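Tertiary structure, described
Chain by chain, the residues:
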Amino acid sequence: GAVFTNSARVGITGIETTPSDNESCLATTIYTSGQPNLYVNKWNEGYNPGNGNIQYQIQFGNFGDVTVENVTITETYPVSTTADQPEWDWWEEIGVTDNYTDSQWVFHINRIERGQSGSININVSLENPEARMRWYTNTVEITTPGDDANSADNADVDVVFSGGEV
C-alpha cells in the first residue's frame, strides 16, 4: 500500500536546550480497498518475579474494510507455566480449545467485521516462581486470509525475564 507521512515541527525564539524533541513524524500505510487486514498484538501487564504469575493482554481486530469469517487465534503460553481460564471482551461467544500438550489456547471466532476489535486476558501461573535466570516466551497468531493486506501484524511475541543474579 501507499505510505503517507505527516510531520510536525515546533520551535521557539531564543536558546533551545533540547532541539532533538522538536519534531515528530507518523507514517501510515493505506492498503487497497476490499481486502481483510487482521491484526493481533500482546503484552504483559507488569510481571513481578515474586508473585508467581504473568498477566497477558491480547488485542485483535480487523483494520480492513471487509468481514473475515472463521478466524482462529492461537495463543502459545510459556513453558513451565499453567494457564488459567481466559477472559475476553467480545460481542459474541468465542469458542475455546485448550491444548495442554502444546501449551496453547485456541480461540475460534465466527467473524470479525470491518473495524471491529476485541481483547483476551490470560493469566499464567509459574510452576517455579522462585526460579531465576529464566525467559518466559509467549506467542500469539491470528489466522491469515490469503489476501490479508498486511500479514506482518498477524503474530506477536512477548518475552519476560525472571531476573536474578548470575
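Everything that follows concerns the structure shown earlier in this document.
The text that follows walks through the structure, step by step, so that each part is easy to find. (Residues numbered from 1 in each chain as written. Predicted model: local features only at pLDDT ≥ 70, side-chain atom pairs only at ≥ 80, totals over all residues. Heavy atoms only, no water.)

Observations regarding the overall build of the protein
Along the protein, the regular secondary structure elements total zero helices and 12 strands. Counting helices and strands in the order they occur from the N terminus, the protein gives β-β-β-β-β-β-β-β-β-β-β-β. At 20 Å, the protein has a C-alpha radius of gyration far larger than the 15 Å of a compact globule built from 166 residues. Taken along its principal axes, the extent of the C-alpha atoms in the protein is 60 × 50 × 25 Å. Expressed as a percentage of its 166 residues, the buried residues of the protein come to 34%. Looking at the protein as shown, the accessible area adds up to about 9600 Å², and 47% of this sits on carbon and sulfur atoms. (Helix = DSSP H or I, 4+ residues; strand = E, 2+ residues; numbered from the N terminus. Rg over C-alpha atoms; globule rule 2.2 N^0.38 Å. Buried < 20%, exposed > 50% of the residue type's maximum accessible area, 1.4 Å probe, protein only. Areas by Shrake-Rupley, 256 points an atom, 1.4 Å probe, with all protein chains shown as cover.)

What to know about the environment of Gly 11
Mapped onto the fold, Gly 11 is located in the loop between strand E1 (2–9) and strand E2 (23–30). By relative accessible area, which is 61% here, Gly 11 ends up exposed. Residues Gly 11 and Asp 21 lie 10 residues apart in sequence; the distance between their C-alpha atoms is 9.9 Å.

With respect to the pattern of salt bridges
Counted under the stated rule, the structure contains three salt bridges. Linking Lys 42 and Glu 75 is a salt bridge whose minimum nitrogen-to-oxygen distance equals 2.6 Å. Placement of the pair is Lys 42 in strand E3 (residues 38–44) and Glu 75 in strand E5 (residues 68–76), with a sequence separation of 33 residues. Overall, the relative accessible area of 5% leaves Lys 42 in the buried class. A relative accessible area of 0% means that Glu 75 is categorised as buried. (Salt bridge = Lys/Arg side-chain N within 4 Å of Asp/Glu carboxyl O.)

Side note on the nonpolar core
In terms of nonpolar packing, the biggest core is built from 26 residues, with Ile 54, Phe 60, Ile 73, Ile 109, Ile 112, Ile 122 and Ile 142 touching the most fellow members. Of all the elements in the fold, those that place two or more residues in this core are E3, strand E4 (53–62), E5, strand E9 (104–112), strand E10 (117–126) and strand E11 (135–142). In contact with Phe 60, other than residues within four places in its own chain, are Tyr 39, Val 40, Ile 73, Trp 90, Ile 109, Ile 112, Gln 116, Ser 117, Gly 118, Ser 119, Ile 120 and Ile 142. (Core = buried A, V, L, I, M, F, W, Y, C linked by side-chain atoms within 4.5 Å. Contact = heavy atoms within 4.5 Å.)

Considerations on unusual backbone geometry
Most of the time, phi is negative for any residue but glycine, and the peptide bond is trans. Unusually for a residue other than glycine, Asn 70 sits at a positive phi of about 55°. Topologically, Asn 70 is positioned in strand E5. Here Asn 70 falls in the exposed class, since its relative accessible area comes to 62%. Positive phi, close to 55°, is recorded for Ser 103, a residue that is not glycine.

Quick look at a nonpolar patch on the surface
Where nonpolar side chains cluster on the molecular surface, the patch consists of Met 133, Trp 135, Val 157, Val 159 and Phe 161 and spans about 470 Å² of accessible area. At three residues, strand E12 (residues 155–161) tops the list of elements feeding residues into the nonpolar patch. Mapped onto the fold, Met 133 is located in the loop between E10 and E11. For Met 133, a relative accessible area of 39% gives the class partly exposed. (Patch = residues over 30% accessible without salt bridge, like charges linked within 9 Å, V, L, I, M, F, W, Y side chains within 5 Å.)

Description of the sheet that holds strand E8 (residues 95–99)
With respect to topology, five strands assemble into an open sheet ordered E8-E9-E5-E11-E12, the strand pairing being antiparallel. Two strands bound the open sheet, and with one partner strand each, they are E8 and E12. Taking each pair of neighbouring strands and ignoring which way they run, the sheet shows an average axis angle of 15°. The pairing of E8 with E9 spans five bridges and is classified as antiparallel. Bridged to Gly 95 within E9 is His 108. (Pairing = 2+ DSSP bridges. Axes fitted to C-alpha atoms, helices over the stretch in contact; angles between N-to-C directions.)

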